[in-house]
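# Analysis of the macromolecular model
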Amino acid sequence: MEGAHEKPAESSSSVPRFEEPAGSAGAPEVLPPEESEGCARSLDAAPKKLCGYLSKFGGKGPIRGWKSRWFFYDEKKCHLYYSRTAQDANPLDSIDLSSAVFDCKADAEEGTFEIKTPSRIITLKASTKQVMVYWLQQLQMKRWEFHSSPPAPPAVPDAALAANGPTLRLELEQEEAELEDFLCPVQTPPGLVGVAAALQPVPAMPLALQNISLKHLGTEIQNTMYNIRGNRQAQGTGHGPPGEDPLLSVEPWRTEQPLPSDPGTPGKDPADSPKSTPKSSLTANLIQKAKRQNSTFPFFAEGFTWTRTAQEKVLALEQQVLMLTKELKSQKELVRILHKALEAAQQEKRASSAYLAAAEDKDRLELVRHKVRQIAELGRRVEALEQERESLLQTAGLQEQQVQELRRHVQLLMDKNQAKQQVICKLSEKVTQDFTHPPIQPPGPPGAANRDFLSQQEKMEHLKDDMEAYRTQNRFLNSEIHQVTKIWRRVAEKERALLMKCAYLQAKNCQVESKYLAGLRRLQEALGGEATECSELLKQLIQEALQWEAGEASADGVELSPISEYDEYGFLTVPNYEMEDLKLLAKIQALEVHSHHLLAHEAVERPLRERWAALGDLAPSVELKQLLRAGVPREHRPRVWRWLIHLRVQHLRSPGRYQELLNRGQVREHPATRQIELDLNRTFPNNKHFTCPTSSFPDKLRRVLLAFSWQNPTIGYCQGLNRLAAIALLVLEEEESAFWCLVAIVETIMPADYYSKTLMSSQVDQRVLQDLLLEKLPRLMAHLGQHHVDLSFITFNWFLVVFADSLISNILLRVWDAFLYEGTKVVFRYALAIFKYNEEAILRLQDGLEIYQYLRFFTKTICNSQKLMNIAFNDMNPFPMKQLQQLRMAHRERLQAELHELEQLKAEYLETRNSQGPAVPEGCTSEDEGEGDA
């Protein structure tokens, strides 16, 4: 028994408790009339606590049944605790209400309701229907208050929490008003809930053993020993007034220690000790009970305030002090950050100066080692960000599980609600029918008629009661569905915010890694070919960076959007440059592309997808034009391209045309077949669909090109058509759709003679582009002219294949989205935008050969598709189609004149040669004479 006595003592001693003054152990306190009225007012003004006795259905075997339990709500954790009595030191168990739903059944026993959590279902019963509805409404409001209140750190003072008070109260008032639309609020049942319920005797059970929880037997023993010890102490010291329940003086398990200097809490200052006077009245005795109960009752440690106005003033002053303290801390933090930034800048400046001033390689090597240490520090920061991202992903997974559970509960409630509404409607129809068409019965004796009338009246009363019960249940379930739906939406918003934060952190991680690789590249360029220890270290770090793969990074944890080897259309994510020096640059480019994609996913991609999903049927309009310029989401792109192609070729298309062309190719071989076979293996070597031996795309591409060669014999096949058809196949996947896409580009979008043997229109567009570059980018053209750089060597292929070999797939397909709708003007816009995007980088190059080398791959360095689109469609304005047509006409006339002049020169030359005849110079032997001699 000693161990049983010691264990509760340790449990209660570890929690601060209220102490009754020594003088309060005697006779009850008699207050002056003014103080008595003030205390009564503070009793009424005290915040209402959700607590009271309920019956809980549980147990196993013979003792399974209803058990009386004392329930009390914890606002901080949103848990509903329960114990056997109100004076127990430790609770038996708790119910998590944060993800619970509530249900009441009209056909169940009166006062019965259920609390359904993801792990279990708890059946409770109140003494009356009014108490049941009151508990349900209060639990709903507490759950909504918990979900609406912002998360606070563990040790936040009351003044800090009060800063969010007005907003929280406004939200709660709005929620109460919405719930009133479904079910009128129930008044607090007097004496059955709250503090007053603890003063009532414990509800008696048929068997004493039935009310004991065998599942929590250890807690029951602790509470019993704790109560016995409290009774002995109360009897030994004469604690409490005569007739008071000694269990009420036992100190609880969760009371909190008040400030010693707080004079507003009764029973804390020795000056407030009770006077040695006899019992004056029943009111004074009840006040004394309330004071003692306030200091010993679980979750009611705040006390009843004497002067509430003074406390409000103190609270307002504390709020002001807290706000000023926060502002001061933020200002100090800002100053500290600025100091750190200044120190870092000064340190960087000193390091650069030391590196430049170092006379020996040893000093420079030490500086490079310092840079390597800084790089290692960046790596540790990357690992910390990765850990934070993993924790956020775990939190998002838990939130998703809760959302799914809430959805299932809402669906069940809606099904029940619908079924019960149908029952109500049937009962109402039956009652109405009985009233309007009462059944005709044969006349009988007067006594029998009276009995029938009384039985019918009794049945009607029962039906009215049932209808009222179902109506109440229906209203409550509607309010429950309404609130659970709002909670589900909030959880979904939190989940979306967590996903956005994960994407942001991963983008920042890519940026940090990109800067790390860029730093390695700059160090490599600075060291050059020197064979030092630092150069070997750099070489090893660069090899590790190039050998890194996304699969290795995602092996330890799940990533939000990992960098895969291929993108969604099969193109290599990291370009496979032939030059060894550019491989590190390719890795940096892939990281930057992924970072831009993650940052733009929520801000740009999600709203764009929503706009496309809400668009409906496609029709030419300004809105569609803007959407196509912004880009088509992948799930909508095949449908949109088929519609755009149909607009272009509907006058050329006929059913079965594609199959007819394929059959013609099987009968006899086309002259362009050999060239098509040669170009098939050279089509997109960086795409897995055209390099994999088992892929079906090369065969599809062969059939599309052969069909087009029969469709347009004047062109047949031209190099470049294979890449146009390949892009169409990657997006549309169907051969016939890709064939008509190729027909639309060559025969309706591009000018005539664009893919002819002379490439007349292609040459014209190159001259038009030169004029537009001179107009839009004069500084760049002056720089290129100074170094004698001819851009047509680079741009000719852009126009011929519509950037198919130049831009990364994400940007390339956005260009094609607008190109298929607006035509070749889009190609000019993007060509100008590409040079504008890289203008500053080109201007920094001061050698013609270096400029040509940069122009070979500079389009692959463009990562920000949004920026490029803004340049193309905003910065390049005005860009009228009339100007483009005039420039094309002027340059076509000049080019035709030049070609005509060349033809004349060729004809004159041939005429001169023919007129001279096959004359042999003196001293030379003709071929005929040589053969004769032989």
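Since the structure is predicted, the reported quantities are computational estimates derived from the model, not experimental observations.

### Some words on the overall build of the protein
The secondary structure content of the protein amounts to 32 helices and 7 strands. Evaluated residue by residue, the protein yields a buried proportion of 41% over its 934 residues. In the form shown here, the protein has an accessible surface area of approximately 52,400 Å², with 54% of it arising from carbon and sulfur atoms.

### Observations regarding the sheet that holds strand 1 (residues 51–58)
One open sheet holds the 7 strands; their spatial order is 4-3-2-1-7-6-5, and the pairing between them is antiparallel. The sheet terminates laterally at strand 4 (93–96) and strand 5 (101–104), the two strands that pair on one side only. Averaged over neighbouring strand pairs, the angle between their axes works out to 35° when direction is ignored. Seen against the sheet, helix 3 (residues 129–148) touches strand 1, strand 2 (65–74), strand 3 (79–83), strand 5 and strand 6 (112–116) and runs at an angle of roughly 165° to strand 5. Relative to the sheet, helix 10 (residues 361–436) contacts strand 5 and strand 6, its axis offset from that of strand 5 by approximately 20°.

### Brief notes about unusual backbone geometry
Only a minority of non-glycine residues have a phi that is not negative, and only a minority of peptide bonds are not trans. For the peptide bond that leads from Asn877 to Pro878, omega is 0°, which places it in the cis range. In this model, Val802 sits at a positive phi of 55°, which is unusual for a non-glycine residue. By secondary structure assignment, the location of Val802 is in the loop between helix 25 (792–801) and helix 26 (809–822).

### Remarks on the pattern of salt bridges
Side chains that differ in sign of charge can pair as their charged atoms come close. Counted by the stated rule, this structure contains 30 salt bridges. Across the salt bridge formed by Arg629 and Glu822, the nearest N and O atoms sit 2.8 Å from each other. On the criterion of sequence distance, the pair formed by Arg629 in helix 15 (residues 622–630) and Glu822 in helix 26 is long-range, its members being 193 residues apart. Pair check on accessibility: Arg629 and Glu822 agree, each one buried. Connected via shared salt-bridge partners are Asp103, Lys105, Glu114, Lys116 and Lys416.

### Some details on the environment of Val826
Note on placement: Val826 falls in helix 27 (residues 825–837). We classify Val826 as buried; its relative accessible area is 1%. It is 9.3 Å that separates the C-alpha atoms of Val826 and Arg629, two residues lying 197 residues apart in sequence. With residues near it in sequence (within four places) discarded, Val826 still touches Val815, Ala818, Phe819 and Phe873.

### So, the packing of aromatic side chains
Counted under the stated rule, the structure contains 20 aromatic pairs. Their ring planes at 85° and their centres at 5.6 Å tell us that Tyr830 and Phe873 sit as a pair that is edge-to-face. Of this pair, Tyr830 sits in helix 27 while Phe873 sits in helix 30 (residues 865–875), and the two are 43 residues apart along the sequence. Note on Phe873: relative accessible area 5%, which makes it buried. Site record: aromatic cluster; members linked through ring pairs are Trp798, Phe803, Phe835, Tyr854, Phe857 and Phe858. Directly above the aromatic system of Tyr569 lies the positively charged group of Arg634, at a separation of 5.3 Å from the ring centroid. Here the guanidinium or amino end of Lys867 rests over the ring plane of Tyr837, the centre of that ring lying 4.7 Å away.

### Observations concerning the pairing of strand 6
Across the 5 residues that make up strand 6, a large majority, 5, are buried. Both faces of strand 6 are covered, namely the face carrying Thr112, Glu114 and Lys116 and the face carrying Phe113 and Ile115. When strand 6 meets strand 7 (residues 121–125), the two strands line up antiparallel, connected through 5 bridges. Paired with Ile115 across the two strands is Ile122, which belongs to strand 7.

### What about the side chain of Asn417?
Following the sequence through the fold, Asn417 ends up in helix 10. In this structure the side chain of Asn417 is engaged in a polar contact, spanning 2.6 Å, whose partner is the side chain of Asn478. Sequence-distant contacts of Asn417, that is, excluding residues within four places in its chain, are made with Asn474, Leu477, Asn478 and Ile481.

### As for the environment of Arg888
Relative to the helices and strands, Arg888 is located in helix 31 (residues 881–916). Owing to a relative accessible area of 14%, Arg888 belongs among the buried residues under this scheme. Sequence-wise, Arg888 and Val764 are 124 residues apart; in three dimensions their C-alpha atoms are separated by 6.3 Å. Every residue in contact with Arg888, bar those within four places of it in the chain, is listed here: Pro751, Val764, Asp765, Val768, Thr824 and Phe828.

### Points about the side chain of Lys776
Among the secondary structure elements, Lys776 is positioned in helix 23 (residues 760–776). Buried charge without a salt bridge: Lys776, with Glu775 as the nearest opposite-charge side chain at an N-O distance of 4.1 Å. Within polar-contact distance, the side chain of Lys776 engages the backbone oxygen of Pro878 at 2.7 Å. Those residues in contact with Lys776 that lie beyond four places of it in its chain are Leu832, Met876, Asn877, Pro878 and Phe879.

### Description of the UniProt feature "coiled-coil region" (unreviewed entry) in the protein
The UniProt record annotates "coiled-coil region" (unreviewed entry) at residues 314–402 and 453–480. Along residues 453–480 one finds 100% helix and 0% strand; the C-alpha atoms at either end are 40 Å apart.

### What to know about the packing of helix 27 against helix 30
Packing of helix 27 against helix 30 brings their axes to within 8 Å, and their N-to-C directions diverge by 120°. The orientation of helix 27 relative to helix 30 falls into the category oblique. Relative to helix 30, the crossing made by helix 27 is right-handed. Contacts between helix 27 and helix 30 involve Val826, Arg829, Tyr830, Ala833, Ile834, Lys836 and Tyr837 from the first element and Lys867, Leu868, Met869, Ile871, Ala872 and Phe873 from the second. Considered class by class, the residues forming the contact of helix 27 with helix 30 number 10 nonpolar, no polar and 3 charged.

### A short note on the packing of helix 23 against helix 27
Packing of helix 23 against helix 27 brings their axes to within 11 Å, and their N-to-C directions diverge by 50°. The angle between helix 23 and helix 27 places the two elements in the oblique class. Here the hand of the crossing between helix 23 and helix 27 comes out right-handed. Residues Asp765, Val768, Leu769, Leu772, Leu773 and Lys776 of helix 23 pack against Phe828, Ala831, Leu832 and Phe835 of helix 27.

### A few points about the nonpolar core
Within the largest apolar cluster, 116 residues are counted, with the highest numbers of intra-cluster contacts made by Leu721, Ile745, Tyr755, Phe803 and Phe835. Ranked by size, the runner-up nonpolar core spans 38 residues in total, among them Tyr82, Ile115, Leu139 and Ile487.

### As for helix 22 (residues 735–749)
Helix length check: helix 22 (15 residues) gives 20 Å between terminal C-alpha atoms against 21 Å at 1.5 Å per residue, within 8%. Of the residues making up helix 22, those classed as buried are Glu735, Ser737, Ala738, Phe739, Trp740, Cys741, Leu742, Val743, Ala744, Ile745, Val746 and Ile749. Check the buried side of helix 22 and you find it contacts helix 16 (637–649), helix 17 (657–667), helix 20 (697–711), helix 21 (721–732) and helix 26.

### Points about helix 27
Taking 1.5 Å per residue, 13 residues should reach 18 Å; helix 27 reaches 18 Å between its end C-alpha atoms and fits that length. Burial analysis of helix 27 places 12 of its 13 residues in the buried class, the great majority of the element.

### A word on the confidence of the model for the protein
Residue-level pLDDT values for the protein average 76, and 68% of them are 70 or greater. Contacts of residues 930–934 to residues separated by more than four positions or lying in other chains number 1 contact, the stretch itself having pLDDT below 50.

### Some remarks on the pairing of strand 1
Of all 8 residues in strand 1, 7 are buried; the element is thus mostly enclosed. Bridge count between strand 1 and strand 2: 8 bridges; the pairing is antiparallel. Residue pairing across strands places Phe57 opposite Trp66, the latter belonging to strand 2. Here 2 bridges tie strand 1 to strand 7, and the two strands are oriented antiparallel to one another. By the bridge assignment for strand 7, Lys56 is matched with Leu124.

### Details of the environment of Leu398
Examined against the element boundaries, Leu398 turns out to sit in helix 10. Residue Leu398 is classed as exposed on the basis of its relative accessible area of 52%.

So, how was this worked out
Residues numbered from 1 in each chain as written. Predicted model: local features only at pLDDT ≥ 70, side-chain atom pairs only at ≥ 80, totals over all residues. Heavy atoms only, no water. Helix = DSSP H or I, 4+ residues; strand = E, 2+ residues; numbered from the N terminus. Buried < 20%, exposed > 50% of the residue type's maximum accessible area, 1.4 Å probe, protein only. Areas by Shrake-Rupley, 256 points an atom, 1.4 Å probe, with all protein chains shown as cover. Pairing = 2+ DSSP bridges. Axes fitted to C-alpha atoms, helices over the stretch in contact; angles between N-to-C directions. Contact = heavy atoms within 4.5 Å. Salt bridge = Lys/Arg side-chain N within 4 Å of Asp/Glu carboxyl O. Phe/Tyr/Trp six-rings, centres within 6.5 Å; stacked < 30°, edge-to-face > 60°. Lys NZ or Arg CZ within 6 Å of the ring centre and 35° of its normal. Polar contact = N/O pair within 3.5 Å; in protein donor to acceptor, adjacent residues only side chain to side chain. Lys, Arg positive; Asp, Glu negative; His and termini not counted. UniProt positions renumbered as here; feature names shortened; annotations may be inferred. Parallel < 35°, antiparallel > 145°, perpendicular 65-115°, else oblique. Left-handed = near helix turned anticlockwise from the far one by under 90°. Nonpolar A, V, L, I, M, F, W, Y, C, P; charged D, E, K, R; others polar. Core = buried A, V, L, I, M, F, W, Y, C linked by side-chain atoms within 4.5 Å. Expected span 1.5 Å × (residues − 1). pLDDT = per-residue confidence, 0-100.

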